[in-house]
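Take a look at the letters that make up each chain.
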Amino acid sequence: MAIETNPTWILVSIISFTVVSSVVSSSFDYGLALSKSLLYFESQRSGRLPYNQRVHWRGHSGLTDGLEQGVDLVGGYYDAGDHVKFGLPMAFTVTMLSWGIIEYRDEISSAGELDHALEAVKWGTDYFVKAHTHPNVLWAEVGDGDTDHYCWQRPEDMTTSRQAYKIDPENPGSDLAGETAAAMAAASMVFRESNPHYSQLLLHHAQQLFEFGDKYRGRYDRSVGVAKSYYASVSGYNDELLWAALWLYRASGREEYLRYAIDNAHSLGGVGWAISEFSWDIKFAGVQILASQLLLQNKHHKTHQHNILKKYQSKAEHFICSTLNKSKEGQNAHRTPAGLLFIRQWNNMQYVTGVTFLLTIYSDQLNKSKQRIQCPLGSVGPEEMLAFAKSQVDYILGSNPQGLSYLVGYGSRYPKRVHHRGSSIVSYKENKGFIGCTQGYDQWYGRQRDNPNVLVGAVVGGPDLHDNFRDVRGNFMQTEACTYNTAPLVGVFAKLRMLEEVKYEEMVMPLVSSA
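Residues numbered from 1 in each chain as written. Predicted model: local features only at pLDDT ≥ 70, side-chain atom pairs only at ≥ 80, totals over all residues. Heavy atoms only, no water.

Labelled according to an unreviewed UniProt entry, the chain appears under the name Endoglucanase, originating from Acorus calamus. You can read under Sequence similarities (unreviewed entry) in the UniProt record for the chain the words "Belongs to the glycosyl hydrolase 9 (cellulase E) family." As its UniProt record puts it under Catalytic activity (unreviewed entry), the chain is described as follows: "Endohydrolysis of (1->4)-beta-D-glucosidic linkages in cellulose, lichenin and cereal beta-D-glucans." (UniProt positions renumbered as here; feature names shortened; annotations may be inferred.)

Structure, rendered in structure tokens:
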């Protein structure tokens, strides 16, 4: 029997599906960006690499870390293009990875990347467990920047100092102890269901580290002098203590940690600082967003707590308003002509990705509670916040005057001469011949050719104030990538991927139904 067809319906369907395909193809592939971003953390691994290592140009490295001090400090992450294991940025990286999973676990799982995300967190927390050798002792750093930067070698060939440095009661580091406590507390939430024993272990370490950091107060860069030229704690340790307390409250539910954040809100600056940046050093905006989440979720009981949380929220919303150019003149964050947030010349993308994450999760919270915020130049809803966050992500992925993806390995055009020792030298797997300290500078650093190994998933420092970018290996302010640049984007990529999927379904389903 012949089937009757309606030529008009067929034509409309073809046009409709063509339009849908055009809309979807014009957006970025956030799922692919998510997958690539998680690969980057495997490139940054120190220690003995596992059997399922997916970045094959890397090999084992740092296998004697801590040996001179009689402690096992093998593992963890290199922070950037060198081979020092800096505790403060490593801990912040793990906190942000964990926070992304906490907020967007289902979205990451839907993309098929949850196992890789959990592995990225655990590679860091396994190291922190090793580094926390006593309730009041935390190993803060392995290697030092001065000797490390003198050489240009693959991590597998390292001949630089692997001296390890610690904080303890005589040499305190409340900022480092606080951030590591925050990382382990957040990670304990990540593993609560899949690995409850490990989750409890992390929470136990987090509680001890917070108590240590609070009792023996001091800046870690005054105790570990070799860190000061590279990761100086400019903001001090007040923000990390509040940050750790709020994460411990979220992880444990124990009121004592919330009371700490409430009782010390004024003295530690939590409700005093109104700023427009968020980074491995300055956590106040993150503290204020965390506190605001508690308020919006009604996770408080007493009038006094409510009042203090409202003050935290006021500062969080100042941060958001200034980011969105909704504050008074002189209080707004700077932007490039093409719309990228611009905080500092050196590695500006770290600030962009951190702010993008905070805007994304706060827009979700406002959406759930059906609220808007009032800025000096008008009210702002969750849609506007998310739209701006998406604009920053799209800029990173290639919607910029250079037509360049600042996420390495994504798209057809991305930085090819990243300031990164392992990426810029022939893989140890291809050439096991030893490359000496200065030999790398002579033969590889100044080479006017692309890096032999693509540092997939790395977010480089990015363009200058005028959207200009020079892909030159020696231009480290723009071409060096760091773990804390990429970490905040993991959750955001997953969120945007899910939104694109929902949008596609909303466009396609009516067509399917009408058929």
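Asker: Would you mind showing me how to read the packing of aromatic side chains here?
Answerer: If you walk through the whole model with that rule in mind, you get 24 aromatic pairs. Ring geometry for Tyr40 versus Phe41: centroids 5.6 Å apart, planes at 55°, classification tilted. Assigned by exposure class, Tyr40 and Phe41 land together as buried. Grouping aromatic residues by their ring pairs yields a cluster made of Phe92, Trp99, Trp243, Trp247, Phe278 and Phe357. Against the face of Tyr198 rests Lys122, its NZ or CZ located 4.7 Å from the ring centre. Cation over ring: Lys416 sits above Tyr414, and NZ or CZ is 4.9 Å from the ring centre. (Phe/Tyr/Trp six-rings, centres within 6.5 Å; stacked < 30°, edge-to-face > 60°. Buried < 20%, exposed > 50% of the residue type's maximum accessible area, 1.4 Å probe, protein only. Lys NZ or Arg CZ within 6 Å of the ring centre and 35° of its normal.)

Asker: What should I look at first to understand the nonpolar core in this one?
Answerer: Nonpolar side chains in soluble globular proteins tend to be buried together. Grouped together as the largest cluster of nonpolar side chains are 145 residues, with contacts concentrated most on Trp99 and Tyr312. Beyond its immediate sequence surroundings of up to four residues, Tyr312 is in contact with Leu242, Ala261, Ala265, Gly270, Val271, Val287, Gln288, Ala291 and Ser292. Counting 5 residues, the second largest nonpolar core, distinct from the first, contains Trp152, Val426, Ile435 and Trp444. (Core = buried A, V, L, I, M, F, W, Y, C linked by side-chain atoms within 4.5 Å. Contact = heavy atoms within 4.5 Å.)

Asker: Can you walk me through the UniProt feature "active site" (unreviewed entry) in the chain in this structure?
Answerer: When the UniProt feature table is mapped onto this chain numbering, "active site" (unreviewed entry) sits at His419. Here His419 is to be found in the loop between α15 (382-397) and α16 (421-424). Judged by its relative accessible area of 9%, His419 falls in the buried class. With near-sequence residues (within four places) excluded, His419 lies in contact with Gly81, Trp152, Tyr445, Arg473, Gly474, Phe476, Thr479 and Glu480. Of note is the side chain of His419, whose polar atom sits 2.7 Å from the backbone oxygen of Arg473. (Helix = DSSP H or I, 4+ residues; strand = E, 2+ residues; numbered from the N terminus. Polar contact = N/O pair within 3.5 Å; in protein donor to acceptor, adjacent residues only side chain to side chain.)

Asker: I'm lost on the state of the cysteines in this one. Help?
Answerer: Two cysteines, two sulfur atoms, one covalent bond between them: this is a disulfide. Counted according to the given criterion, the structure contains 2 disulfides. Through a disulfide, Cys151 is tied to Cys437; the S-S separation comes to 1.9 Å. Negative torsions about the S-S bond denote left-handed disulfides, and the value of about -90° found for Cys151 with Cys437 makes this one left-handed. With Cys151 in the loop between α5 (145-150) and β3 (164-167) and Cys437 in the loop between α16 and α17 (439-445), the pair connects residues that are 286 residues apart, well separated along the chain. Across the pair, Cys437 and Cys151 agree in class, each one buried. (Disulfide = S-S within 2.5 Å.)

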